[in-house]
Amino acid sequence: MQKESTLAVALLALFAMPALAQNPLGLDAEGRMTVTGSDARLIAQIAQRVGDTDFTEDVIRTPHIVVHRDNGDVWFEGQFIGCSGGLECQALALVADFGALGLTGDQLNSFNNEYYYVRAYANGQGAVIVQQDVMLTDGVNDVWLERAIRTFGHMADIFAQWSAENGG
Amino acid sequence: MLKQLMLGAAFVAATAVSAQAQTIIDGSQVDEILNIARGYGSATLEKQSNGDPRITGKVDGVTYQVYLMNCTNNTNCEDLNFYAGFLDNKQTLDVINAWNRDKRFGKAYLDSDLDAVIESDVNLEKGVTRENLDAAFNLWTLILEQYTTYIGYK
């Protein structure tokens with residue numbers, strides 16, 4: 001998403017839409033659900049609207065999701081951060097691993113200069129990562145979160161195209 | 001500071017305001033955004049070259065800007081771009097990459113003059129609660145504090 005021209009469709013942000021007039025079902029006045037860092041399985045269901053999503057937990061119940069493309073390939077992952085026994089996760093790190101690319105640090109810096117919301121970096125193990133962190137502590141509504149996840153996938157695709165055009 | 005520490009501070013800030021009454025703020029309410037900024041230090045309202053609003057603030061001696069982006073008629077703006085550039089602060093790409101790898105929420109890069117920059121973006125489309133936006137400013141102050149230390153600015 002290029003800074004000069006694509007903010008119109010930039011939907012990622014750190015914070016959520018409001019939880020207005022909550023009813024007992026957890027729906028706001030416009031019928032949106034508020035989800036928190038304790039709702040990892042629900043977040044996985046929201047991600048399912050974007051792409052086929054796997055949900056797993058590790059031995060200490062830290063959740064993890066993997067979102068797939070229509071062809072079954074891994075699109076990106078969601079790493080839940082700062083959880084306690086699988087609950088009260090503080091953030092969701094959306095991460096796309098592009099593996100080894102022939103991009104220089106200068107090129108990654110140019111991408112970060114040029115595009116909003118996501119950041120690209122070399123992970124020290126030979127892979128290029130595109131990442132966006134979404135804070136969950138104050139709750140986010142499902143519509144907003146779906147758009148955030150969908151837009152991250154879009155940004156990952158933009159990076160892939162940008163990388164290909166720049167020799168990656 | 002490690003990721004978990006930064007997240008911990010942000011968590012405290014976010015939860016501390018979560019029980020307050022919710023008021024919705026969108027990108028047309030520049031004065032409200034300015035008022036929130038003034039809760040963290042001095043802040044003045046300016047205009048960008050295209051007429052869109054911009055807030056210039058200072059937190060603990062560090063100057064930053066909040067660019068209101070994607071505005072209609074210089075008013076209804078959909079995004080906030082928190083920005084701080086550090087003139088003549090030269091860092092290596094490895095140092096910048098390490099920030100982006102190891103920290104959450106702030107995005108670091110070198111600008112065209114190879115000066116260190118930190119940014120963070122917030123989407124205001126359809127509005128956010130005042131508490132959310134306040135938490136975003138609070139998080140931004142934490143990012144600024146850590147980044148200025150990281151690059152040796154302070």
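Residues numbered from 1 in each chain as written. Chains lettered and ligands numbered in written order. Predicted model: local features only at pLDDT ≥ 70, side-chain atom pairs only at ≥ 80, totals over all residues.

## Concerning the packing of helix α2 (residues 105-114) of chain A against helix α3 (residues 93-102) of chain B
Interaxial distance between α2 of chain A and α3 of chain B falls to 10 Å at its minimum, and their mutual angle equals 55°. Taken together, the axes of α2 of chain A and α3 of chain B are oblique relative to one another. The handedness of the crossing between α2 of chain A and α3 of chain B is left-handed. The segment α2 of chain A lies against α3 of chain B, with G105, D106, L108 and N109 of chain A engaging L93, D94, I96 and N97 of chain B. For the contact of α2 of chain A with α3 of chain B, a count of residues per class yields three nonpolar, three polar and two charged. (Axes fitted to C-alpha atoms, helices over the stretch in contact; angles between N-to-C directions. Helix = DSSP H or I, 4+ residues; strand = E, 2+ residues; numbered from the N terminus. Parallel < 35°, antiparallel > 145°, perpendicular 65-115°, else oblique. Left-handed = near helix turned anticlockwise from the far one by under 90°. Contact = placed C-beta atoms within 7 Å. Nonpolar A, V, L, I, M, F, W, Y, C, P; charged D, E, K, R; others polar.)

## Here's the deal with the sheet that holds strand β5 (residues 76-90) of chain B
All names here are of chain B. The strand order across the open sheet built from six strands is β2-β3-β4-β5-β7-β6, with neighbouring strands paired in antiparallel fashion. Each edge of the sheet is formed by a strand with only one pairing partner; in this case those strands are β2 (42-47) and β6 (107-110). If you compare each strand with its neighbour and ignore which way they point, the axes differ by 25° on average. Pairing geometry for strand β4 (residues 62-72) and β5, over seven bridges, is antiparallel. By the bridge assignment for β5, Y67 is matched with N81. (Pairing = 2+ DSSP bridges.)

## Structural notes on the pairing of strand β3 (residues 63-68) of chain A
Residues and elements named next belong to chain A. Burial along β3 is one-sided: the face carrying P63, I65 and V67 is buried and the face carrying H64, V66 and H68 is not. As defined by bridge partners, strand β2 (residues 53-57) adjoins β3 across five bridges and the pair is classed as antiparallel. When the sheet's bridge partners are listed, F55 is paired in β3 with I65. What sits between the antiparallel neighbours β2 and β3 is a turn of five residues, in which R61 has the positive phi angle 70°. Relative to strand β4 (residues 74-81), β3 runs antiparallel, the two being bridged by five bridges. (Buried ≥ 20, exposed ≤ 12 C-beta atoms within 10 Å, placed from the backbone.)

## Here we look at unusual backbone geometry
Residues and elements named next belong to chain B. With a phi angle near 55°, N73 is a residue other than glycine that sits in the positive phi range. When you line up the elements, N73 lands in the loop between β4 and β5. If you check the backbone angles, D88 has positive phi at about 65° while not being a glycine. Here D88 shows up in strand β5. Since 8 C-beta atoms lie within 10 Å of it, D88 is described here as exposed.

## Side note on the sheet that holds strand β7 (residues 128-135) of chain A
Residue and element names in this part refer to chain A. Spatially, β2-β3-β4-β5-β7-β6 is the arrangement adopted by the six strands of the open sheet, whose pairing is antiparallel. Pairing within the sheet leaves two strands with one partner each, and these edge strands are β2 and β6 (119-122). Neighbour-to-neighbour, the strand axes of this sheet turn through a mean angle of 25°, independent of strand direction. Sheet topology note: the β4/strand β5 (residues 91-97) ladder contains five bridges and is antiparallel. When the sheet's bridge partners are listed, E77 is paired in β5 with V95. Most of the contacts of helix α1 (residues 40-48) go to β2, to which it runs at about 165°, and overall it touches β2, β3, β4 and β5.

## A look at the pairing of β6 of chain A
Across a regular strand the side chains alternate sides, sitting on one face of the sheet and then on the other. Residues and elements named next belong to chain A. Across the two faces of β6 the burial is the same, with R119 and Y121 and A120 and A122 all buried. Pairing of β6 with β7 involves four bridges; the strand directions are antiparallel. By the bridge assignment, A122 is partnered in β7 with V128. Between β6 and β7, which follow one another and run antiparallel, lie five residues, and G124 among them has a positive phi close to 85°.

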